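If you want the building blocks of each chain, they are given just below.
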Amino acid sequence: MNNNEILKLYRTFYIVGDSTNLKILFELERYGEKTFTELKNNLSINPATLSKKLKILTQFGLINPDKSHDYLRVYYSLHNNQKSLKKVLDSIERMSVEI
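All of these numbers come straight from a predicted model, not from anything done at the bench.

Calculation rules
Residues numbered from 1 in each chain as written. Predicted model: local features only at pLDDT ≥ 70, side-chain atom pairs only at ≥ 80, totals over all residues. Heavy atoms only, no water. Helix = DSSP H or I, 4+ residues; strand = E, 2+ residues; numbered from the N terminus. Buried < 20%, exposed > 50% of the residue type's maximum accessible area, 1.4 Å probe, protein only. Pairing = 2+ DSSP bridges. Contact = heavy atoms within 4.5 Å. Axes fitted to C-alpha atoms, helices over the stretch in contact; angles between N-to-C directions. Phe/Tyr/Trp six-rings, centres within 6.5 Å; stacked < 30°, edge-to-face > 60°. Salt bridge = Lys/Arg side-chain N within 4 Å of Asp/Glu carboxyl O.

**Quick look at unusual backbone geometry**
For step 1, the next point in the chain: Unusually for a residue other than glycine, Ser44 sits at a positive phi of about 55°.
For step 2, the next point in the chain: As for its placement among the helices and strands, Ser44 is situated in the loop between helix H3 (36–43) and helix H4 (47–59).
For step 3, the next point in the chain: Assessed through its relative accessible area of 64%, Ser44 is described here as exposed.

Take a look at the structure:
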């Protein structure tokens, strides 16, 4: 395994190893795009924590912030090219049921 592959693997474990990141990703994968307030209320996440996690997930290219609906709110969704992320989330969900 080369350094680039190890870095990608590290990033994957960094994201899926955090329960708050997983909550956000599962929420967006299951129910589609959500605003900051919807995510905060649905997942009962502290606003400061949610803001930090959304920034990280955006920087990693896993979610897409969209302001085009209206200019007052940002809508978050899984990035369109994240088919592999959906497979990882499905695998994690299956593993959690089996354990």
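Let us keep going from here.
**Thoughts on the sheet that holds strand E3 (residues 75–78)**
For step 1, the next point in the chain: On the basis of which strands lie adjacent, the open sheet formed by 3 strands has the order E1-E3-E2 and antiparallel pairing. A strand with exactly one partner marks an edge of an open sheet, and here the two such strands are strand E1 (34–35) and strand E2 (63–66).
For step 2, the next point in the chain: In the sheet, E1 pairs with E3 via 2 bridges, with the strands oriented antiparallel. Bridge pairing in E3 places Lys34 opposite Tyr76.
For step 3, the next point in the chain: Sheet contacts for helix H2 (residues 19–31): E1, E2 and E3; angle to E3, the most-contacted strand, approximately 85°.

**Focus: the packing of aromatic side chains**
For step 1, the next point in the chain: If you walk through the whole model with that rule in mind, you get 2 aromatic pairs.
For step 2, the next point in the chain: A ring pair is formed by Tyr14 and Phe60, whose centres lie 6.0 Å apart and whose planes are at 40°; its orientation type is tilted. Of this pair, Tyr14 sits in helix H1 (residues 3–16) while Phe60 sits in the loop between H4 and E2; the two residues are 46 residues apart in sequence, bridging distant segments of the chain.
For step 3, the next point in the chain: The exposure class of Tyr14 is partly exposed, given its relative accessible area of 38%.

**A short note on the pattern of salt bridges**
For step 1, the next point in the chain: Applying the stated criterion to the full structure yields 1 salt bridge.
For step 2, the next point in the chain: Asp18 serves as the salt-bridge partner of Lys53, at 2.8 Å between the closest nitrogen and oxygen. You can see Lys53 sitting in helix H4 and its partner Asp18 sitting in the loop between H1 and H2, a full 35 residues away along the chain.
For step 3, the next point in the chain: Here Lys53 falls in the buried class, since its relative accessible area comes to 11%.

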